[in-house]
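A structural walkthrough
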Amino acid sequence: STPFLFLTNNSATTPADLAVRLKHLGVDGLSAQHFYTSALNTVDFLNETDPNSTVFVIGEGGLLAALHERKIASDAIHPRYVVVGEGITTMERLTKAHECIERGARLLVTNPDNWCPVSNDKTRPGAGATAAYLEASTGRRAYYLGKPNGYMFHRARRKLADWTLNEIDNFVMIGDTMETDIRGAVEAGMPSFLVLTGSTQMQYVG
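Residues numbered from 1 in each chain as written. Predicted model: local features only at pLDDT ≥ 70, side-chain atom pairs only at ≥ 80, totals over all residues. Heavy atoms only, no water.

1. Structural notes on the overall build of the chain
- The number of helices and strands found in the chain is 7 helices and 11 strands.
- Whereas a compact globule of 206 residues would reach a radius of gyration of roughly 17 Å, the chain reaches 17 Å, a difference of no more than 12%.
- In terms of principal-axis extent, the alpha carbons of the chain reach across some 50 × 50 × 35 Å.
- A buried classification covers 45% of the 206 residues belonging to the chain. (Helix = DSSP H or I, 4+ residues; strand = E, 2+ residues; numbered from the N terminus. Rg over C-alpha atoms; globule rule 2.2 N^0.38 Å. Buried < 20%, exposed > 50% of the residue type's maximum accessible area, 1.4 Å probe, protein only.)

Printed below as a string of structure tokens:
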């Protein structure tokens, strides 16, 4: 069978959570290894670029679990990075993150999405919106991981190759969002297909 991965910018849930969620929707045969989240991508980035990094985190369980699994230490006094992921935060944590950045921490964001869906007709502020607040308050620029950053696509290719124990020459990205899925694939040099069953809809201009 053809090996595949689901790539998601949602850093709030773990791969195991996502496998269970899809099982409830009637999609069987999936395990945690079929999912690559922006939280895992962020941890891969930190391990590759700064193995001894410390972090102050604004985010939820998926991000916290990924950092813990890779033994990246939490530091609320003088971290090397403030890492922002999906999830509701408080003014107290935003203020602490602001102070850490002013003391020299770099601002790292799991994904650039300014909003994320909660249900069919509701959304909430995303990691990009939280990061924009901190960019404005500190005057520092954030570095955004996740889609469309090519790093996520290159790491996903490496993960598939490691998983199958084979070099895979042909990859394709199938996604429903031009700004993240398709743009990221194009910039990473991967062929891509846009589907119109998700966030992108066909529009006719008269």
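Further notes follow.
2. A word on the pattern of salt bridges
- Enumeration according to the criterion identifies 9 salt bridges in this entry.
- For Arg70, the salt bridge goes to Asp44, with nearest N and O atoms at 3.2 Å. Here the residue Arg70 occupies a position in the loop between helix H3 (61–69) and strand E4 (73–74), and Asp44 occupies one in helix H2 (residues 38–49), the gap between them amounting to 26 residues.
- Note that Asp181 is salt-bridged to Lys147, the shortest N-O span being 2.7 Å. Of this pair, Asp181 sits in helix H7 (residues 178–187) while Lys147 sits in the loop between strand E9 (143–144) and helix H6 (150–164), and the two are 34 residues apart along the sequence. (Salt bridge = Lys/Arg side-chain N within 4 Å of Asp/Glu carboxyl O.)

3. Quick word on the packing of aromatic side chains
- Applying the stated criterion across every chain yields a total of 4 aromatic pairs.
- Residues Phe45 and Tyr143 carry aromatic rings whose centres are separated by 5.4 Å and whose planes lie at 25° to one another, so their mutual orientation is stacked. Linking Phe45 in helix H2 with Tyr143 in strand E9, this pair joins segments that are 98 residues apart in sequence.
- Taking the relative accessible area as the measure of exposure, Phe45 reaches 10% and is therefore buried.
- Aromatic side chains Phe45 and Tyr151 sit 5.6 Å apart centroid to centroid with 85° between the ring planes, which places their arrangement in the edge-to-face category. Taken together, the positions of Phe45 in helix H2 and Tyr151 in helix H6 put the pair 106 residues apart, joining distant regions of the chain. (Phe/Tyr/Trp six-rings, centres within 6.5 Å; stacked < 30°, edge-to-face > 60°.)

4. Digging into the environment of Lys23
- If you trace the backbone, Lys23 turns up in helix H1 (residues 15–24).
- In this structure Lys23 comes out as exposed when scored by relative accessible area, which is 55%.
- A sequence separation of 51 residues divides Lys23 from Ser74, and the C-alpha atoms of the two residues are 33 Å apart.

5. What about a nonpolar patch on the surface?
- Taken together, the side chains of Val172, Ile174, Phe193 and Val195 make up a nonpolar region of the molecular surface, amounting to roughly 360 Å² of accessible area.
- Structurally, Val195 can be placed in the segment after strand E11 (192–194).
- With relative accessibility at 31%, the residue Val195 sits in the partly exposed group. (Patch = residues over 30% accessible without salt bridge, like charges linked within 9 Å, V, L, I, M, F, W, Y side chains within 5 Å. Areas by Shrake-Rupley, 256 points an atom, 1.4 Å probe, with all protein chains shown as cover.)

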